Amino acid sequence: MHFQISGYLCMITIMARNRLKSEQSVQPSAAEKSKAAEQKALRNSAKNGTLKRQATTSTNKSTSTHKNHKLLAIFSWLIAISLFIAFTSYLFTWKEDQDKIFSLSYHILFNNDIEVNNLLGRLGAYVSHYFFYEGIGIAAYFLCYLFFIIGVNLLVGRRVFRILSQLFFIVFGILYISTTAGFLMHILNYSGFPFAGALGDLMSNYLIRFIGALGTAVVLILTALAYLIWKFNFDIPVPNTLPAAEALHTEQTEEPATVSSGLSPSQPSSSATSSTINEWLGKQMQLIEKDEIAPQSTEKPISPIPSTEKKTPKQSATDVELEIKKPVQEEKTVDEPVASSAKELYEPTLDLKDYQYPSLDLLDDHGTETIVHDNEELRKNKEQIIHTLKNYDIEIRKISATVGPTVTLYEIVPAAGVRISRIKNLEDDIALSLSALGIRIIAPIPGKGTIGIEVPNEKKAIVSIRTLLSSEKFQHTHMQLPIALGKKIDNENFIVDLTTMPHLLMAGATGQGKSVGINAILVSLLYKKHPSQLKFVLIDPKKVELSLYRTIEKHFLAKLPGEEEAIITDTKKAIHTLNALCIEMDIRYDLLKEAGARNIKEYNEKFIHRKLNPEKGHRFLPFIVLVIDEFADLIMTAGKEIEMPIARLAQLARAVGIHLIIATQRPSVNIITGIIKANFSVRIAFKVSSKVDSRTILDTGGAEQLVGKGDMLIAYYGDIVRLQCAFVDTPEVERVVQFIGQQRGYTEAYLLPEYEDEKEMQTPGLNQADRDPLFEEAARIIVATQQGSTSLLQRRMKLGYNRAGRLMDQLEAAGIVGPSMGSKTREVLIKTEAELEQFLRSIS
C-alpha cells in the first residue's frame, strides 16, 4: 500500500514538473516581451503611415475632382445664362441685326465697325441668328435648359436630373415645337419672326406635302396627347352616359352590411334596387322639367324611395334633391341663353353672307422686307458729318445710324456746351458735304437726348402694300377702320385707325404720291371691312384717278338718288353730295339722340342686341368715308359752297361715323383755309416746292426737303413722323376691285338723302315778264359760238357787265348754259340752233 502511495506521488511530481517546463517554454522572458513589443509597434506605425498617405491622397483627389465639377457647373450655367440673354434680346432686335448678319455672315464676329442691338453684342446676334433662323427656332430655349441641368448635376455631385431621359425630352421638344411652329406659320401665312427655324420649316413642309394640312394637324395633336399620357399618365376625359344624380344615388343606397363588412362604398347595390331608383329618378326629372314640382315640396316625393335600410332614406333624399337640380340648371344656363342670344343678335353681314374678303395673292410683292445696308455709304456719311461739324468747332460724343427704306437717320450726341441752334443752322452745309438731294435736321428728337440728321439713301427700297397687310399688326388689329400708310425709318409698320384721326388732309406737289396714298388707304379698308360695315363717297374732279372703283358700286359706294354714276366728277353734283352728307349726319344724330348713344359704336351695339326698334326708323349705320382727290379744283370753282359743308362735316361728323380724306396738290392758304385746317388734326405732306407750303400743311418746315416718290411727313397728334408710303400699283387695285365686283352685291348702291337746291327751285329766267328782251338774241349767240362767256355777250351785244351778267344768269336758269366754273367759260348745254329754236318755242 505504501508503495502504491509513493508511486502515485512520483507520478504527480513528474506531471507537475513537465507542466512547468511546458509553461516555461511557451511564456517568453521579459526581454523577449519588450523586444516583441517594439517590433510590433514598428510594424503598426508603418502600416498606419501607409494608410494615412493613402487617405491623404484620396482626399486630395476627391477635393480636386469636386473643384473641377464646381468650375464646370459655373461654366455650364454661364453658357445657359448667356444663351438665354442672347435669345431673349434676339426676340426684340432680330429685324435690325438680321440684315447685317445676312450681308456679312460669320465675318460679323471680326468686324469692329458693325454695331448690333443684341445685348450680347455681335457674338450674341450671330449665335441667336444661327439657332433661331438657320436652326430650330423658338425651341432653342431648350439648349438653355440642357446646360442648366448639367450645371446642377455637376454642382450637387449626384444625379438630380437623369441626363438620358432629359435628353429624350429635349430632343422631342425641339422636334415637336419646331414642327408645330412651322405648321402654324404656314397655315396663318406668317412670314415675320422665325419661330420655326429652318428645321421646323423643313419638317412642316414635308408633312404638309406628304399628308396634307389636316393630316399634319391631326398628327401633331395626337403626338402631344400621346406624350402627355406616357409622361404624366394623363387621363382622357370620357363623358358619362348616366346622370350625375343617378350615379350618386346608386352609391348612397347600398346596404349597410356591405359598407360595414369593409367593402368600398362605391360598389353598386342590387339590380332590383338600381332599376327602381332609375325609374323613380326618370319620373322626378320629367316632373321638374314640366315645372310640376314646387321648390318647397321636393322632399315629399323623395321619402317613399325604396331602400333596404330604414335609417338612410332622409339622408339619401336630401342628397338626391341637390344633384337633381344641378343638371337641370346647367341645361338652362348653357343651352337656353345661347339659343336665345343667337336669335336676338342682329348680324349685318348676313345680307351678303357669301362675301369673301380679297386675298393677299391679288397684290404684288414689289420689294423684300429686309433693307440692304451699304456699310461703305454709312461710313462715308458718318465721316462727312463729323468732318463738317468739326470745321465749325462742334464736337460730338456719339453718332449712330438707323437705316430706313428711303432715308437713314443719324443720331448724334453733341458735346457739353454745344448749342442746338448751331447744328440746326448747318443744314445746307451738311447737305453740300454729303452731296444729298436734301437733308432734314430734327433738333432735338422728341423723347430722346439726341439730334437727328435724316439723309436720303442712294438705294431706296419700295414698301409694298402687301407687306403691310400681311403683318401681324394689321391682321390681328382691333381698330375699327385700320389704314396701312407705310413704314417708319426704323422699319416699323405704321398702321393707324381712321376713326381716331378722325379726318385726314393730304397735300403735295404733282407726282409725289398722293393718289397712290389714297389707293393704299382704300385698299386697306377693302381688305378689312365687309360691305355692310363701310361705304365710300368718292369725288374725283380729275375723272380718272378714282374711276377704278366704279366696279364695286353695289358693294361699297354711296351716291345720290337718281344718279347714274357713283363716282362724282361734276362740281354741281359734288355740292349736292356734300349737302346730302350733312343731311345724313343730322339724321344720324337724331337716331343717336333717340337711342341714348353718344357715338356710332354704342348705337350699333344696341341695334345688334335688338334694343332698338327698326319700325321707329332705327337701322344699322355703316361707316361713311368721303374721299376728295383734288380739293383745290372744287374750291376754285365753287368756293364757299364747298367749304361750308366740308367744315360742318369736319366739325360734327366724327361721332356718327362719317370721316373725310381730302387731297390737294396746291397747299396754299386760299385752298386750305383756316376753317378747314382747324378741323383736320392729322395731316400728311408729300414733297412740296417751298417751305411756305410745308408750313401751310404741317405748321412747320421739312416737307420741302423730302425726296419724293412716296416720301412723306405725317403730323399725328403733335408729332411729325417721316414715313415711306406703301406702294400699290394700278393693276393691283384693278384685281382687288374686280374680285369684289364679281361677287354678289346689293341691288343698288347705298343711297344718300335727297338734296334739293333752293337756288335751282327758283326759276326767274323762265318768267316771261322778268325775262330780258335780249334773252333770245343772247341765247342764239351763245349756242352759235358754243362759248358760255359773259364777256362775249358784252362785246357782241355792246352791253354793260351787269346786264350781260343778268342775261347769263337767266340762260343758266333756263338750262341753256351750265353753272359758273370760275375763270373758265360755262358749258353750253344746247349744241345746235335747231334745238335752241325748239326750246325757245317750248318756254315762250
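In this numbering scheme, every chain counts its residues from 1 along its sequence in written order. Given that this is a predicted model, residues contribute local features only at a pLDDT of at least 70 and side-chain atom pairs are listed and counted only at 80 or more, while totals for whole chains, interfaces and linings are drawn from all residues. To get the side-chain values, all heavy atoms of the structure are used, and hydrogens and water are removed first.

Focus: the overall build of the protein chain
Part 1 of the argument: If you tally the helices and strands in the protein chain, you get 29 helices and 15 strands.
Part 2 of the argument: Taken across its 844 residues, the protein chain has 41% of its residues classed as buried.
Part 3 of the argument: Counting contacts in the protein chain only where the partners sit at least 6 residues apart, residues at least 24 apart contribute 66% of the total.
Part 4 of the argument: Throughout, the Shrake-Rupley method with a 1.4 Å probe supplies accessible areas, and for residues the shown protein chains are the sole cover considered. If you sum the accessible surface of the protein chain, you get close to 47100 Å²; carbon and sulfur atoms cover 56% of it. The numbering of helices and of strands both runs from the N terminus, where a helix is a DSSP run of H or I of at least 4 residues and a strand a run of E of at least 2. Each residue's exposure class comes from its accessible area (1.4 Å probe, protein chains only) as a fraction of the maximum for that residue type: buried when under 20%, exposed when over 50%, partly exposed otherwise. Two residues qualify as a contact provided that any one of their heavy atoms is within 4.5 Å of a heavy atom in the partner residue.

With respect to the sheet that holds strand β13 (residues 711–716)
Part 1 of the argument: Across the sheet, which stays open at both edges, the nine strands sit in the order β6-β5-β14-β13-β12-β7-β11-β10-β8 with mixed pairing between neighbours. Every interior strand has two partners, whereas the edge strands, β6 (493–497) and β8 (534–539), have only one. Within this sheet the neighbouring strands show an average axis-to-axis angle of 30 degrees, counted without direction.
Part 2 of the argument: Pairing between strands is defined by DSSP: at least two bridges between the two strands are required. Sheet topology places β8 next to strand β10 (residues 623–628); six bridges connect them, and they run parallel. To obtain an axis, a line is fitted to C-alpha atoms, over the contacting stretch when the element is a helix, and the angle between two such axes runs from 0 to 180 degrees between their N-to-C directions.

Considerations on the packing of helix α3 (residues 121–136) against helix α6 (residues 197–232)
Part 1 of the argument: At a closest axis distance of 2 Å, the pairing of α3 and α6 adopts a crossing angle of 10 degrees. If you check the angle between α3 and α6, you find them roughly parallel. Across from Phe132, Tyr133, Glu134, Gly135 and Ile136 in α3, the residues of α6 making contact are Gly197, Ala198 and Leu199.
Part 2 of the argument: Charged residues are taken to be Asp, Glu, Lys and Arg, nonpolar residues to be Ala, Val, Leu, Ile, Met, Phe, Trp, Tyr, Cys and Pro, and polar residues to be all remaining types, Gly included. Here the residues of the contact of α3 with α6 are counted per class, giving five nonpolar, two polar and one charged. Should an angle fall under 35 degrees it is taken as roughly parallel, and over 145 as roughly antiparallel, whereas 65 to 115 is taken as roughly perpendicular and any remaining angle as oblique.

Considerations on the environment of glycine 417
Part 1 of the argument: The topology assignment puts glycine 417 in the loop between β2 (407–414) and α12 (420–424).
Part 2 of the argument: Considering only alpha carbons, one finds glycine 417 and isoleucine 394, 23 residues apart in sequence, at a separation of 9.6 Å.

With respect to the pairing of strand β7 (residues 504–507)
Part 1 of the argument: Here β7 shows two buried faces, one formed by Leu504 and Met506 and the other by Leu505 and Ala507.
Part 2 of the argument: In terms of strand pairing, β7 meets strand β11 (residues 658–664) through four bridges, oriented parallel. Bridging from a neighbouring strand, leucine 505 pairs with isoleucine 662 of β11.
Part 3 of the argument: Across four bridges, the pairing between β7 and strand β12 (residues 682–685) is parallel. When the sheet's bridge partners are listed, methionine 506 is paired in β12 with isoleucine 684.

Examining the nonpolar core
Part 1 of the argument: In this description, a nonpolar core means a group of buried Ala, Val, Leu, Ile, Met, Phe, Trp, Tyr and Cys residues linked to one another through side-chain atoms lying within 4.5 Å. With 105 residues, the main nonpolar core has Leu485, Phe536, Tyr549, Leu626 and Ile646 as its most contacted residues.
Part 2 of the argument: By residue number, the principal contributor to this core is helix α18 (residues 571–595), which donates ten residues.
Part 3 of the argument: In this structure, leucine 485 is in contact with Leu468, Phe494, Val496, Met501, Ile521, Ile684, Met712, Ile714, Leu723, Gln724, Cys725 and Ala726, ignoring residues within four places of it in sequence.

Topic: the confidence of the model for the protein chain
The predicted structure's coordinates, where accompanied by low pLDDT, should not be read in detail.
Part 1 of the argument: Of all residues in the protein chain, 75% have pLDDT values of 70 or greater, and the mean over the chain is 78.
Part 2 of the argument: The predictor attaches a confidence to each residue, and that confidence, scored 0 to 100, is pLDDT. β10 holds the highest mean pLDDT among the elements of the protein chain, 96, whereas helix α8 (residues 256–260) holds the lowest, 36.
Part 3 of the argument: When the criterion is pLDDT under 50, residues 240–277 qualifies, and its contacts beyond four places in sequence or with other chains add up to 34 contacts.

A word on helix α20 (residues 631–638)
Part 1 of the argument: With six of eight residues buried, α20 lies mostly within the body of the structure.
Part 2 of the argument: Counting of polar contacts relies on pairs of N or O atoms within 3.5 Å, with two restrictions inside protein: one atom must be capable of donating a hydrogen and the other of accepting it, and residues adjacent in sequence are counted only when both atoms are side-chain atoms. Of the residues flanking the start of α20, the one acting as N-cap is glutamate 630, its side-chain oxygen 3.3 Å from the backbone nitrogen of alanine 632.
Part 3 of the argument: Glycine 639 occupies a position one or two residues after α20 and carries a positive phi of about 65 degrees.

Thoughts on unusual backbone geometry
Part 1 of the argument: Cis geometry marks the peptide bond from methionine 501 to proline 502, where omega comes out at -5 degrees.
Part 2 of the argument: Mapped onto the fold, proline 502 is located in the loop between β6 and β7.
Part 3 of the argument: In this structure, lysine 543 is a non-glycine residue whose phi angle is positive, near 70 degrees.
Part 4 of the argument: Relative to the elements of secondary structure, lysine 543 occurs in the loop between β8 and α17 (553–556).

Describing the pairing of β11
Successive side chains on a regular strand alternate, one facing one side of the sheet and the next facing the other.
Part 1 of the argument: With seven of seven residues buried, β11 is to be regarded as a mostly interior element.
Part 2 of the argument: Here β11 shows a buried face lined by Ile658, Leu660, Ile662 and Thr664 and a second buried face lined by His659, Ile661 and Ala663.
Part 3 of the argument: The pairing of β10 with β11 spans five bridges and is parallel. Paired with isoleucine 624 across the strands is isoleucine 658, a residue of β11.

Focus: the sheet that holds β2
Part 1 of the argument: Spatial strand order, β1-β2-β4-β3: four strands in an open sheet with antiparallel pairing. Among the strands making up the open sheet, the edge pair consists of β1 (396–403) and β3 (440–442). Strand-to-strand twist across the sheet, computed as the mean angle between neighbouring axes with direction ignored, equals 20 degrees.
Part 2 of the argument: Sheet analysis places β2 next to strand β4 (residues 451–456), joined by six bridges and oriented antiparallel.

Let's talk about a nonpolar patch on the surface
Part 1 of the argument: Here the term patch refers to residues with relative accessible area over 30% and no salt bridge, with like charges joined within 9 Å and nonpolar side chains (Val, Leu, Ile, Met, Phe, Trp, Tyr) within 5 Å. Each reported salt bridge corresponds to a side-chain nitrogen of Lys or Arg within 4 Å of a carboxyl oxygen of Asp or Glu. Taken together, Ile81, Phe84, Ile85, Leu119 and Leu120 make up a surface patch of nonpolar side chains, about 480 Å² in accessible area.
Part 2 of the argument: With respect to the helices, strands and loops of the structure, leucine 120 is situated in the loop between α2 (30–104) and α3.
Part 3 of the argument: Classification of leucine 120 by relative accessible area gives partly exposed; the value is 35%.

A closer look at the side chain of asparagine 579
Part 1 of the argument: Considering the arrangement of structural elements, one finds asparagine 579 in helix α18.
Part 2 of the argument: Asparagine 579 sits in the buried class, given a relative accessible area of 18%.
Part 3 of the argument: Within polar-contact distance, the side chain of asparagine 579 engages the backbone oxygen of isoleucine 575 at 2.6 Å.
Part 4 of the argument: Once you skip the residues sitting within four places of it in the chain, asparagine 579 turns out to touch Pro645 and Tyr755.

Describing helix α24 (residues 730–741)
Part 1 of the argument: Over its twelve residues, α24 runs 16 Å from end to end, which matches the ideal 16 Å to within 8%, given 1.5 Å per residue.
Part 2 of the argument: Within α24, burial applies to Glu732, Val733, Val736, Val737 and Ile740. Buried residues in α24, looked at end-on, bunch into an arc of 125 degrees, giving them a common side.
Part 3 of the argument: Taken together, the buried residues of α24 touch α14 (465–469), α16 (514–528) and α17. The span one expects for a helix is its residue count, reduced by one, times 1.5 Å. Of all possible arcs, the one meant is that of the directions from the helix axis to the C-beta atoms.

With respect to the side chain of arginine 683
Part 1 of the argument: If you trace the backbone, arginine 683 turns up in strand β12.
Part 2 of the argument: Given the relative accessible area of 11%, arginine 683 is considered buried.
Part 3 of the argument: For arginine 683, the side chain forms a polar contact with the side chain of aspartate 699, separated by 3.1 Å.
Part 4 of the argument: Apart from residues lying up to four places away in sequence, arginine 683 is in contact with Leu505, Lys677, Ile697, Leu698, Asp699, Leu713, Ile714 and Ala715.

Focus: the environment of phenylalanine 195
Part 1 of the argument: As for its position among the elements, phenylalanine 195 is in the loop between α5 (163–187) and α6.
Part 2 of the argument: Phenylalanine 195 sits 16 residues away from threonine 179 along the chain, and the two C-alpha atoms are 9.8 Å apart.
Part 3 of the argument: Not counting residues up to four positions away in its chain, the partners in contact with phenylalanine 195 are Ile136, Gly137, Ile138, Ala181, Met185 and Tyr190.

Regarding the pattern of salt bridges
Part 1 of the argument: Counted according to the given criterion, the structure contains 25 salt bridges.
Part 2 of the argument: For glutamate 411, the salt bridge identified is with lysine 448, shortest N-O distance 3.3 Å. Of this pair, glutamate 411 sits in strand β2 while lysine 448 sits in the loop between β3 and β4, and the two are 37 residues apart along the sequence.
Part 3 of the argument: Between arginine 648 and aspartate 586 there is a salt bridge, with the nearest N and O atoms lying 3.2 Å from each other. A residue pair is termed long-range when its members are at least 10 positions apart, and arginine 648 in helix α21 (residues 640–652) and aspartate 586 in helix α18 qualify at 62 residues.

Concerning the packing of aromatic side chains
Think of a pair of aromatic rings as described by two things: how far the centres are apart, and how the planes are tilted against each other in angle.
Part 1 of the argument: Two aromatic rings, drawn from Phe, Tyr or Trp (for Trp, its six-membered ring), form a pair once their centres lie within 6.5 Å of each other, and the interplanar angle then sorts them: stacked below 30 degrees, edge-to-face above 60, tilted otherwise. By the definition in use, this model includes 23 aromatic pairs.
Part 2 of the argument: When the ring of phenylalanine 87 is compared with that of phenylalanine 131, the centres are 6.0 Å apart and the planes differ by 70 degrees; the resulting orientation is edge-to-face. On the criterion of sequence distance, the pair formed by phenylalanine 87 in helix α2 and phenylalanine 131 in helix α3 is long-range, its members being 44 residues apart.
Part 3 of the argument: Relative accessible area serves as the criterion here: at 25%, phenylalanine 131 is assigned to the partly exposed category.
Part 4 of the argument: Consider the rings of phenylalanine 172 and tyrosine 176, whose centres lie 5.8 Å apart with planes at 15 degrees: the pair is stacked. Placement of both phenylalanine 172 and tyrosine 176 in helix α5 is noted, with a separation of four residues, approximately one turn of the helix.
Part 5 of the argument: Ring pairs connect the aromatic residues Phe84, Phe87, Tyr90, Phe131, Phe132, Tyr141, Tyr190, Phe193 and Phe195, which therefore count as one cluster.
Part 6 of the argument: Here the basic side chain of lysine 528 rests over the ring of phenylalanine 474, its NZ or CZ set 5.2 Å away from the ring centre.
Part 7 of the argument: A ring has a charge above it when a Lys NZ or an Arg CZ is no more than 6 Å from the ring centre and no more than 35 degrees off the ring normal. Here arginine 771 stacks its cationic end above the ring of phenylalanine 775, 5.0 Å away from the centre of that ring.

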